[in-house]
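# Architecture at a glance
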Amino acid sequence: MPGLLSSIQHFDLSTGIPKDVWTALYANAARANLILPHAEKVFGRQKFIPKIDATEQHWLVYSKPGTSEIQFILSCTEGPLGKYPIFIVPTVPIAVLTPNLLKNSMEALCSALLNEPGFKRERVFSVFSVEPVTKAFVLAWEKYAKIDHIKEPYYTAIFSMCTANTLIRQQRAARASEDVALEPRPAVEQDVENIAVLCYEFAATSPPFVISIEKAREEARLLIANKQVWVHEIQRRNGKPEIATIVTVTRKSEGVAAITKVYTPEKWRGKGCAERLVRHVCIELLEKYKKIVLYVGVDNSAKIVYDRVGFQDLNEGSPSERWLEIGFDQAKVELGHW
């Protein structure tokens, strides 16, 4: 065990994150969008309302044995709505992730987690990373924590990116309709209840991470307070405007912003609302950020929408980066939320 742990460094609220780790995160800002923005909020590098006061904030760094070369960064952290999965970001090319490197690094990380004072193995309810890393972590966690994984993955996703060069600004012609599509806009406080319902419905499509309407209302308030949600309204003849689509962008860092939620209720689907709003948000974000990233399920029909906006590598056979979330036996873990 000491040989495994010698390649690991641990950081938390008391130690802070050292300069070389920040440098590695910023150098991999797109892939690190799951870890970097949250770390910036925790340490006051970016504004967030209210200040994150959860104390369970841990980062483990695996370096190539005998060197200072950082190869993996793992986060075990907690946000304003609950504990996050284990996120792992490789800082090396996927092509160099050999079976031996994966086995040694993930066993070292698992051992380090379990050796943290007060750490409970029940905390690890799922892991999300690039596919080979997730699979290697699962094998190592089962070996050391003695908790089996759930056979069906929670999430199998494609990591995709849009830039100013790939953005497709031209919107397809809308279908003939008596409905009036209003201009997309940032959400305001008066939208809380409507957005809460949509957050609740969205979570219901992502088991096991379902939430109560009260939790969805809390999420809606946070999104609006931090200017992280946009809405697209439709107005039917003689009716009031209704929110037809929401887009949230909850993870931002220098040069990179991540679209984290796109949801259109059943009654408004097929009207081009999601494409219109995603495009609007991307145009706005690309004035400040160089890259817009997102994860989309491999079987999610929304890939068509994102492709039309200019997100890359979404088609069958494209060199896309696959990400995988695998959960652990729900009878033996404490579920979080993300």
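Summarised in this report is the structure supplied together with it. Residue indices begin from 1 for each chain and proceed along its sequence in written order. The predicted origin of the model limits local features to residues at a pLDDT of at least 70 and limits the giving and counting of side-chain atom pairs to 80 or more, whereas totals for whole chains, interfaces and linings rest on all residues. Excluding hydrogens and water, the side-chain figures rest on all heavy atoms present in the structure.

## Digging into the nonpolar core
By size, the foremost hydrophobic cluster in this structure holds 71 residues, and its most contacted members are Phe-72, Leu-113, Phe-137 and Trp-141. A helix here means a DSSP run of H or I that spans at least four residues, while a strand means a run of E at least two residues long, and both kinds are numbered starting from the N terminus. Take this core: its biggest share by element is eight residues, from helix H4 (residues 99-115). Beyond its immediate sequence surroundings of up to four residues, Trp-141 is in contact with Cys-110, Leu-113, Leu-114, Phe-119, Arg-121, Val-124, Lys-146, Ile-147 and Phe-328. Each nonpolar core is a collection of buried residues, namely Ala, Val, Leu, Ile, Met, Phe, Trp, Tyr and Cys, held together in the definition by side-chain atoms within 4.5 Å. Classification of residues uses two cut-offs on accessible area relative to the type maximum, computed with a 1.4 Å probe and protein chains only: under 20% is buried, over 50% is exposed, and between them is partly exposed. Counting residues in hydrophobic clusters, the runner-up holds 27 residues, among them Ile-158, Trp-230, Val-296 and Leu-314. Contacts were defined at the residue level, with two residues in contact if any of their heavy atoms lie within 4.5 Å.

## Quick word on the pairing of strand S12 (residues 241-248)
Within S12, six of the eight residues are buried, which leaves the element mostly enclosed by the surrounding structure. One requirement defines pairing of two strands: DSSP has to find at least two bridges between them. Here strand S11 (residues 229-235) pairs with S12 via seven bridges, running antiparallel. Paired with Val-229 across the bridge in S12 is Thr-248. From the end of S11 to the start of S12, which pair antiparallel, there are five residues, and Asn-238 there has a positive phi angle of about 65°. Of the pairings in the sheet, the one linking S12 to strand S15 (residues 261-263) comprises three bridges and is antiparallel in character. From the neighbouring strand, Thr-248 faces S15, where its bridge partner is Lys-261.

## Here's the deal with the packing of aromatic side chains
Aromatic rings from Phe, Tyr and Trp, taking only the six-membered ring of Trp, are treated as a pair when their centres fall within 6.5 Å; an angle between ring planes under 30 degrees marks them as stacked, one over 60 as edge-to-face, and anything in between as tilted. Taken as a whole, this structure holds 18 aromatic pairs when the rule is applied. Centroid distance Phe-43 to Trp-59: 5.5 Å. Interplanar angle 40°. Geometry classified as tilted. Placement of Phe-43 in the loop between helix H3 (36-42) and strand S2 (58-63) and of Trp-59 in strand S2 is noted, with a sequence separation of 16 residues between them. Assessed through its relative accessible area of 27%, Phe-43 is described here as partly exposed. Its relative accessible area of 2% is what places Trp-59 among the buried residues. Distance and angle both matter: a charge sits over a ring if NZ of Lys or CZ of Arg is within 6 Å of the ring centre and within 35 degrees of the ring normal. A cation sits over an aromatic face here: Arg-45 above Trp-22, 3.8 Å from the ring centre.

## Some words on helix H6 (residues 192-204)
The terminal C-alpha atoms of H6, which comprises 13 residues, lie 18 Å apart, in line with the 18 Å expected from a rise of 1.5 Å per residue. Restricting attention to buried positions, one finds in H6 the residues Val-192, Ile-195, Ala-196, Leu-198, Cys-199 and Ala-203. Along H6, the residues classed as buried sweep out an arc of 165° about the axis, all on the same side. Buried residues along H6 sit in contact with helix H7 (213-225), S11, S12 and S15. The span one expects for a helix is its residue count, reduced by one, times 1.5 Å. Of all possible arcs, the one meant is that of the directions from the helix axis to the C-beta atoms.

## Notes on the sheet that holds strand S6 (residues 86-90)
What the ten strands build is an open sheet, ordered S1-S2-S3-S6-S7-S17-S8-S16-S14-S13; its pairing is mixed. Where the open sheet ends on each side, the last strands, each with one partner, are strand S1 (8-12) and strand S13 (251-253). Strand-to-strand twist of the sheet, defined as the mean angle between neighbouring strand axes without regard to direction, takes the value 20°. Here helix H2 (residues 19-27) sits on the sheet and contacts S1, S2 and strand S3 (70-76); the angle it forms with S3, its principal contact strand, is near 95°. Axis definition: a line fitted to C-alpha atoms, limited for helices to the stretch in contact. Angles are taken between N-to-C directions and run from 0 to 180 degrees.

By themselves, these are just geometric observations and shouldn't be taken as functional.
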